[in-house]
Amino acid sequence: MKKVLLFTALAAALTAGLAQAGEKLVVAATPVPHAEILELIKPALAKEGVDLEIKVFTDYVQPNVQVDQKRLDANYFQTLPYLESFNKGKGTNLVTVIGVHVEPFGGYSKKVKSLSELKDGATIAIPNEGSNSGRALILLQKAGLIELKDPTNAVSTPKDIAKNPHNFKFKELESAMLPRVLDQVDLDMINTNYALEAGLNPATDALIIEGADSPYVNFLVARPDNKDSPAIQKLAKALTSPEVKAFIAEKYKGAVLPAF
């Protein structure tokens, strides 16, 4: 009887220890490539005692709002300029944990085959979020299509254009909406994650695209109170593993580039 009780006690203690060792992480991500990369590392994290639950979003606002409200533990979808702009505008205090990859931002068209074919008065669609708007406009300046008052201003908007010699018209839309107007505008400046979702290949379809030196790294983001937790740090390590680097190279073939 004593042996049975001892065995039962040891089993209970072991079960309790395992339960305590395991931890659930709920992480927000946009579908491509972020959620796909997170799905890749779920088995490795499970072996580390982390149960990863992925919440897929198609917008850039709720993932930050819900992490700030502690409804989610972290998110993985955004660049530092976007995060800084969001924190400033919404009064949040979210922080970066680690940079994972770069998605070279590009311009696409179904009406012209090169930028030189754009006519005066052509319509260019750009994101309406501060940092993404600035990113699109900076890329257009590098292509010689416009001149900005301050080419280093990461949150430039059309109001910050100093010279627009071809009188281009700018259509500002939420980033997720941009692929839907590709047939309606002359040039469409689309974030790579949304371009991939729409079946576009940035490496071959973009008329203009950022280089590998793009400063717009996509980060794992959390809160000051949990960014250094063991589970978040295990997630950060898994996201920057050799397996993820190989997956990015094979899966996205230059449309997404490792930042580690």
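In this text, all values refer to a predicted model and were calculated from it rather than measured experimentally.

Criteria and cut-off values
Residues numbered from 1 in each chain as written. Predicted model: local features only at pLDDT ≥ 70, side-chain atom pairs only at ≥ 80, totals over all residues. Heavy atoms only, no water. Domains from an automatic or database assignment. Contact = heavy atoms within 4.5 Å. Buried area = accessible area lost by both parts, 1.4 Å probe. Core = buried A, V, L, I, M, F, W, Y, C linked by side-chain atoms within 4.5 Å. Buried < 20%, exposed > 50% of the residue type's maximum accessible area, 1.4 Å probe, protein only. Helix = DSSP H or I, 4+ residues; strand = E, 2+ residues; numbered from the N terminus. Phe/Tyr/Trp six-rings, centres within 6.5 Å; stacked < 30°, edge-to-face > 60°. Salt bridge = Lys/Arg side-chain N within 4 Å of Asp/Glu carboxyl O. Axes fitted to C-alpha atoms, helices over the stretch in contact; angles between N-to-C directions. Parallel < 35°, antiparallel > 145°, perpendicular 65-115°, else oblique. Left-handed = near helix turned anticlockwise from the far one by under 90°. Pairing = 2+ DSSP bridges.

**Regarding the domain arrangement of the protein chain**
Examined at the domain level, the protein chain breaks down into domain 1 (23–103 + 216–258) and domain 2 (106–209). The distance between the C-alpha centroids of domain 1 and domain 2 comes to 26 Å. Listed by partner, the interface residues are 18 residues for domain 1 and 17 residues for domain 2. Between domain 1 and domain 2, roughly 1400 Å² of surface is buried when both sides are summed, and carbon and sulfur atoms account for 57% of that area.

**Some remarks on the nonpolar core**
The biggest cluster of nonpolar side chains holds 28 residues, and the ones touching the most others in it are Leu 25, Leu 38, Ile 41, Leu 52, Leu 235 and Leu 239. The residues contacting Leu 25, other than those within four sequence positions of it, are Val 50, Asp 51, Leu 52, Glu 53, Asp 73, Ala 231, Ile 232 and Leu 235. Among the nonpolar cores identified, the runner-up in size contains 22 residues, and Ile 138, Leu 140, Met 189 and Tyr 216 belong to it.

**A closer look at unusual backbone geometry**
Residue Val 32 is joined to Pro 33 through a cis peptide bond whose omega torsion reads 0°. Following the sequence through the fold, Pro 33 ends up in helix α2 (residues 31–47). The phi dihedral of Asn 167 falls on the positive side, at around 50°, and the residue is not glycine. With a phi angle near 45°, Lys 253 is a residue other than glycine that sits in the positive phi range. Residue position: Lys 253 is located in the loop between α9 (242–252) and β13 (257–258).

**Focus: the packing of aromatic side chains**
Overall, the coordinates contain six aromatic pairs when judged by the stated rule. Measuring from centroid to centroid gives 5.7 Å for Tyr 60 and Tyr 82, while their planes differ by 65°, and the two rings are edge-to-face. Of this pair, Tyr 60 sits in the loop between β2 (50–56) and α3 (62–68) while Tyr 82 sits in helix α4 (residues 80–90), and the two are 22 residues apart along the sequence. Take Tyr 60: its relative accessible area is 6%, and that puts it in the buried class. Given a relative accessible area of 7%, Tyr 82 falls into the buried group. By the ring-pair criterion, three or more aromatic residues cluster together here, those being Tyr 60, Phe 77, Tyr 82, Phe 86 and Tyr 194.

**A look at the pattern of salt bridges**
Summed over all chains, the structure comprises seven salt bridges. Notably, a salt bridge pairs Asp 183 with Lys 110, separated by 3.6 Å at the nearest N-O pair. Remark: Lys 110 occurs in the loop between β5 (106–108) and β6 (123–127) and Asp 183 occurs in the loop between β9 (169–173) and β10 (187–190); sequence separation between them is 73 residues. Exposure remark for Asp 183: the relative accessible area of 52% places this residue in the exposed category. Given a relative accessible area of 58%, Lys 110 falls into the exposed group.

**Some remarks on the packing of α2 against helix α8 (residues 230–239)**
At a minimum axis separation of 10 Å, α2 and α8 run at an interaxial angle of 120°. It follows that α2 is oblique to α8 by the angle criterion. Note on packing geometry: the crossing formed by α2 with α8 is right-handed. In this structure, α2 uses Ile 37, Leu 38, Ile 41 and Leu 45 to contact α8, whose residues at the interface are Lys 234, Leu 235, Ala 238 and Leu 239.

**Let's talk about the sheet that holds β6**
Within a sheet, adjacent strands bond to each other through the backbone by hydrogen bonds, running parallel or antiparallel. Reading across the sheet, the five strands line up as β9-β6-β10-β5-β11 and stay open at both edges, with mixed pairing between neighbours. The two strands at the open ends of the sheet, each matched to only one other strand, are β9 and β11 (208–209). Pairing analysis gives two bridges linking β5 to β11, with the strands arranged antiparallel. Paired with Gly 106 across the bridge in β11 is Ile 209.

**Describing the pairing of strand β4 (residues 95–102)**
Looking at chain direction, β4 and strand β12 (residues 217–222) are connected through six bridges and run antiparallel. Paired with Thr 96 across the bridge in β12 is Val 221. Taken together, the two bridges between β4 and β13 define a ladder with antiparallel strand orientation. When the sheet's bridge partners are listed, His 101 is paired in β13 with Pro 258.

**Describing the environment of Leu 45**
Looking at where Leu 45 falls in the secondary structure, it is placed in helix α2. Using a relative accessible area of 1% as the deciding quantity, one classes Leu 45 as buried. Beyond its immediate chain neighbours, meaning those up to four positions away, Leu 45 contacts Val 50, Leu 52, Lys 234, Leu 235 and Ala 238.

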